[in-house]
Amino acid sequence: MTVRNIDAFAGGWRISRIITDRRAGTTGRFDGRADLRPDPAGGLIWEETGQLRLGDGPALSATRRYLWQGLGARITVLFEDGRYFHDFDPSGAAAEAHHDCPPDVYDVVYDFADWPRWRCTWEVRGPRKDYRMESLHQRG
């Protein structure tokens, strides 16, 4: 199955995420889920919940929320407050996006080659940040 548009993402996803902090020399892990449900204003609400463990620290509850809007083949991702984050085209095997948040830079690669399993890998760099965050999403 090929991803065609935003509707293919609706529903529940299990997430396994590895965070490699090159600056601190530590690795973190997030295990949880994302539920993408219809937004009354259009698009989907991405609501992510789970447990985050950074290095040897205790497990912490973690949440994140985004708004996804479809425009033709592209998906625009907004922060919860409506500010633009990035956009991508899910119709191919891979998609890339970039977000400037001075002084930091965020680059992501979405990998849909094994749909409906998919990955997104973030590379984040800045004066105080240098990490890679890789997430595997599976239905469930």
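Source: prediction; values computed, not measured.

The subject of this paragraph is the packing of aromatic side chains. In total, this model carries 21 aromatic pairs according to the counting rule given. An angle of 70° between the planes, with centres 6.4 Å apart, marks the rings of Trp 46 and Trp 118 as edge-to-face. With Trp 46 in strand β3 (residues 44-54) and Trp 118 in strand β9 (residues 118-125), this pair connects stretches of sequence that are 72 residues apart. Residue Trp 118 is classed as buried on the basis of its relative accessible area of 2%. Members of the aromatic cluster, each reached through a chain of ring pairs, are Phe 9, Trp 13, Trp 46, Trp 68, Phe 88, Tyr 110, Phe 112, Trp 115 and Trp 118.

Take the pattern of salt bridges next. Summed over all chains, the structure comprises 16 salt bridges. One salt bridge connects Arg 17 with Glu 48, and the closest N-O pair in it is separated by 2.7 Å. Pair noted here: Arg 17 is in strand β1 (residues 11-21) and Glu 48 is in strand β3, with a separation of 31 residues, a long-range link. Arg 17 gets classed as buried once you look at its relative accessible area, which sits at 4%. Salt-bridge contacts for Arg 22 lead to Asp 130; the nearest nitrogen and oxygen are separated by 2.8 Å. On the criterion of sequence distance, the pair formed by Arg 22 in the loop between β1 and β2 (26-38) and Asp 130 in strand β10 (residues 130-139) is long-range, its members being 108 residues apart. The buried category is assigned to Asp 130, whose relative accessible area is 18%. Among the charged side chains, a network of salt bridges with common partners joins Arg 22, Glu 123, Arg 125, Asp 130 and Arg 132.

Scoring rules and cut-offs
- Residues numbered from 1 in each chain as written.
- Predicted model: local features only at pLDDT ≥ 70, side-chain atom pairs only at ≥ 80, totals over all residues.
- Heavy atoms only, no water.
- Phe/Tyr/Trp six-rings, centres within 6.5 Å; stacked < 30°, edge-to-face > 60°.
- Helix = DSSP H or I, 4+ residues; strand = E, 2+ residues; numbered from the N terminus.
- Buried < 20%, exposed > 50% of the residue type's maximum accessible area, 1.4 Å probe, protein only.
- Salt bridge = Lys/Arg side-chain N within 4 Å of Asp/Glu carboxyl O.

Don't take any of this as a statement about function, it's just geometry.
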